[in-house]
Amino acid sequence: MEERHLTCIGCPMGCQLTVTMENGKVTNVTGNTCKRGDIYARKEVTNPTRIVTSSVRVKGGKIAMVSCKTKEDIPKGKIFDICNALESVEVDAPVEIGDILLRNVCDTGVDIVATKAVGCK
Amino acid sequence: MSQYDLVIVGGGPAGLAAAVSAKDNGIEKILIIERDNELGGILNQCIHNGFGLHTFKEELTGPEYAGRFIEQVKERNIEYKLNTMVMDISADKVVTAMNRVDGMFQIEAKAIILAMGCRERSRGALNIPGYRPAGIYSAGTAQRLVNIEGYMPGHKVVILGSGDIGLIMARRMTLEGAEVQVVAELMPYSGGLKRNIVQCLDDFDIPLKLSHTVIDIEGKERVTGITIAEVGPDRKPIPGTEEHYDCDTLLLSCGLLPENELSKTAGVTLSNITSGPIVNDALETNIEGVFACGNVLHVHDLVDFVSEEASNAGKNAAKYIKEGKSKNSKNVQIHAVDGVRYTVPCTIRPDEMDDKVTIRFRVGQVFTDCSVATYFGDELINKRAKKIMAPGEMEQVILLKSKLAEYPDLKDITIKIEEA
């Protein structure tokens, strides 16, 4: 049996959640005061995911950097790998919102897309 | 002197939404004046996601959220001037501005919307003792350097203040390879959203020290270290609790101040609690035809609410331009007491208000298991139980025109926090 402690992000209450797990399966959630806490806790201990946002260099652009994000959620454990992979990425202006800047980042099956339009200098 | 129906000062989220709404309400000659080199305001540097859940029912990044409104402005052919600084607004609505192309110029406006946003509290305003080396940035400045200009402001970082920008920058600097050692917060609670504390600090094991502040900054050329200490209930440092951190960077995220220098030149009356204009339900200031919305009015947590408020200001400015000065209708005062720090708006016109008016407010401390009570005169009209309220999260009460109509002699509305 394993116990994990989390802070719920559902609302400003920030309930302190305790998740009990057995063989990788959630057996109990306590500390939550509403259903949202239960749902959050179960997802967070079994498959925590995040959208990663960053910015990469843009050549010949009006500004030096173009902001970007993973098009979908990626596993939380891959955040740093993705940031490292983005360090060497440089794209050419112009860039439109939604342009794919890097395909299948770190074999997650998720593309990095631009979140801002950057025109040419 | 050129003439416009409506001049909007500021091309951030508030200015953009106000312009779109004014245009959709029949105003043709609109000018947005923006001092930066692009529209979108501070959203351009807020590259993280979490924007737009209310407005667009999806989670967008800051630049994407701004992009949607910029598109709407362009679709409507609304005029805007970039790189242009407004120098003065007069009480008779003459706007004096300048830029490198036009030089100094003046515009006569039938109505003006103030949408200048806010700025960060600086080290000078915080009175932090110690040396004055390089390496001390407001969190927003660091955000701009990293996200737009592509510079890293430092490698070993301490953050003072747990406002949302500070939390967001703790994560951002960490992801860019910096070591964020600690976030110190003067108050016994964080000013940031819970979600940000979890996803920006807990995810990366960055400690948050509540009731702590910076008491010394070391370094002659560049920051070499800082000392933090615990504070007592009087918010004064407690001797013997000092902790030293070697670092090269101190980021400050200690509150935002509405930027109202221009409002003052126009003679707009400001609230000494919000530092923003005092407005009625139309978001009109004491100067007829001058409206305010967004963070220049009061600092918001969510841009979605800024857009909603600004859209309202745009609609009301359009009404003013088309119909002229509103009738001399009576004003009902809204009083904020017992834990409610302020309300926006401060007054409401029962005869002319919209069917529904949202009164937004903040509480002065953390309340658990309390209610928000609304009184018309001495009569309790509504009581809504809340599990928790915190100063960092804006609250609201909705007033209905139909309800106010039942009280023709009403002079005062009071909003307060009571036990559940």
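An account of the accompanying structure is given in this report. Since this is a predicted model, take the numbers as computed values, not measurements.

The rules behind the values
Residues numbered from 1 in each chain as written. Chains lettered and ligands numbered in written order. Predicted model: local features only at pLDDT ≥ 70, side-chain atom pairs only at ≥ 80, totals over all residues. Heavy atoms only, no water. Helix = DSSP H or I, 4+ residues; strand = E, 2+ residues; numbered from the N terminus. Rg over C-alpha atoms; globule rule 2.2 N^0.38 Å. Buried < 20%, exposed > 50% of the residue type's maximum accessible area, 1.4 Å probe, protein only. Contact = heavy atoms within 4.5 Å. Areas by Shrake-Rupley, 256 points an atom, 1.4 Å probe, with all protein chains shown as cover. Lys, Arg positive; Asp, Glu negative; His and termini not counted. Charge placed at Lys NZ, Arg CZ, Asp CG, Glu CD. Buried area = accessible area lost by both parts, 1.4 Å probe. Salt bridge = Lys/Arg side-chain N within 4 Å of Asp/Glu carboxyl O. Polar contact = N/O pair within 3.5 Å; in protein donor to acceptor, adjacent residues only side chain to side chain. Nonpolar A, V, L, I, M, F, W, Y, C, P; charged D, E, K, R; others polar. Pairing = 2+ DSSP bridges. Axes fitted to C-alpha atoms, helices over the stretch in contact; angles between N-to-C directions. Parallel < 35°, antiparallel > 145°, perpendicular 65-115°, else oblique. Left-handed = near helix turned anticlockwise from the far one by under 90°. Expected span 1.5 Å × (residues − 1). Core = buried A, V, L, I, M, F, W, Y, C linked by side-chain atoms within 4.5 Å.

Description of the overall build of chain B
Move 1: A count of helices and strands for chain B gives 9 helices and 27 strands.
Move 2: Taken over C-alpha atoms, the radius of gyration comes to 22 Å for chain B, in line with the 22 Å a tight globule of 420 residues would show.
Move 3: Over its C-alpha atoms, taken along the principal directions, chain B stretches across nearly 65 × 60 × 40 Å.
Move 4: The buried share of chain B, taken over its 420 residues, is 57%.
Move 5: In chain B, the proportion of contacts linking residues at least 24 apart, taken out of those at least 6 apart, comes to 62%.
Move 6: As displayed, chain B offers around 17800 Å² of accessible surface, 48% of which is attributable to carbon and sulfur atoms.
Move 7: Taking the average place of the 46 positive charges on the side chains of chain B and the average place of its 59 negative ones, the gap between the two points comes to 3 Å.

Focus: the interface of chain B and chain A
Move 1: Listed per partner, the contact involves 29 residues of chain B and 27 residues of chain A.
Move 2: Interface area lost by chain B to chain A is led by Glu64, Leu175 and Lys194 of chain B, which between them contribute 21%.
Move 3: On the surface where chain B and chain A come into contact, there are 4 salt bridges.
Move 4: Residue lysine 116 of chain A is joined to glutamate 38 of chain B by a salt bridge in which the shortest nitrogen-to-oxygen separation is 2.9 Å.
Move 5: In this structure, the connection of chain B to chain A is made through 11 residue pairs in polar contact (both at pLDDT 80 or more).
Move 6: Residue classes in the side of chain B that touches chain A are distributed as 8 nonpolar, 9 polar and 12 charged.

Structural notes on the sheet that holds strand β23 (residues 356-363) of chain B
Residues and elements named next belong to chain B.
Move 1: Across the sheet, 3 strands lie side by side as β21-β23-β26; this open sheet has antiparallel pairing. Each having just a single partner strand, β21 (340-344) and β26 (395-400) make up the two edges of the open sheet. Sheet twist, expressed as the average angle between the axes of neighbouring strands with direction ignored, equals 30°.
Move 2: Here β23 pairs with β26 via 6 bridges, running antiparallel. By the bridge assignment for β26, valine 357 is matched with leucine 399.

A closer look at the side chain of threonine 18 of chain A
All names here are of chain A.
Move 1: Here threonine 18 is to be found in strand β2 (residues 16-22).
Move 2: Looking at threonine 18, the relative accessible area reads 17%, which means it is buried.
Move 3: In this structure the side chain of threonine 18 is engaged in a polar contact, spanning 3.4 Å, whose partner is the side chain of histidine 5.
Move 4: Here threonine 18 is in contact with Glu3, Arg4, His5, Asn28, Val29 and Thr30, once residues within four sequence places are set aside.

A closer look at the packing of helix α5 (residues 164-175) of chain B against helix α6 (residues 194-201) of chain B
Residue and element names in this part refer to chain B.
Move 1: As a packed pair, α5 and α6 sit with axes 8 Å apart at the nearest point and diverge in direction by 20°. The pairing of α5 with α6 is recorded here as roughly parallel in orientation. Relative to α6, α5 is oriented so that their crossing is left-handed. Along the contact surface, α5 presents Asp164, Leu167, Ile168, Ala170 and Arg171, while α6 presents Asn196, Ile197, Gln199, Cys200 and Leu201.
Move 2: Grouping the amino acids of the contact of α5 with α6 by side-chain chemistry returns 6 nonpolar, 2 polar and 2 charged.

Some remarks on the pattern of salt bridges
Move 1: Enumeration according to the criterion identifies 28 salt bridges over all chains in this entry.
Move 2: The salt bridge involving lysine 23 of chain B is made with glutamate 28 of chain B; its shortest N-O contact spans 3.4 Å.
Move 3: Taking relative accessible area as the criterion, lysine 23 of chain B reaches 17% and is therefore assigned buried.
Move 4: Overlapping salt bridges, with partners in common, bring together Glu44, Arg50 and Lys76 of chain A together with Asp203 of chain B in one network.

Notes on helix α8 (residues 303-323) of chain B
Move 1: For α8 of chain B, spanning 21 residues, the distance from its first C-alpha to its last is 30 Å, which sits close to the expected 30 Å at 1.5 Å a residue.
Move 2: Positioned one or two residues after α8 of chain B, glycine 324 of chain B has a phi angle of 75°, which is positive.

Thoughts on the environment of threonine 274 of chain B
Residues and elements named next belong to chain B.
Move 1: Mapped onto the secondary structure, threonine 274 falls in the loop between α7 (261-266) and β19 (290-292).
Move 2: Sequence separation between threonine 274 and proline 350 is 76 residues, and the spatial gap between their C-alpha atoms is 24 Å.
Move 3: Every residue in contact with threonine 274, bar those within four places of it in the chain, is listed here: Pro258, Leu297, His298 and Tyr342.
Move 4: Within the structure, the side chain of threonine 274 is placed 3.0 Å from the backbone nitrogen of glycine 276, a separation counted as a polar contact.

Considering the nonpolar core
Move 1: Leu6, Ile8 and Leu114 of chain B are the most contacted members of the largest nonpolar core, which has 65 residues in total.
Move 2: If one sorts the elements of this core by residue count, α8 of chain B sits on top with 8 residues.
Move 3: The next biggest cluster of nonpolar side chains, apart from the first, holds 44 residues, and it includes Cys83 of chain A together with Val157, Ala178 and Val183 of chain B.

Brief notes about helix α2 (residues 62-75) of chain B
Residues and elements named next belong to chain B.
Move 1: The terminal C-alpha atoms of α2 lie 20 Å apart, and with 14 residues this matches the ideal 20 Å at 1.5 Å per residue to within 8%.
Move 2: Those residues of α2 not exposed but buried are Gly62, Pro63, Glu64, Tyr65, Ala66, Gly67, Phe69, Ile70 and Val73.
Move 3: Downstream of α2 by one or two residues, asparagine 77 has phi in the positive range, about 50°.

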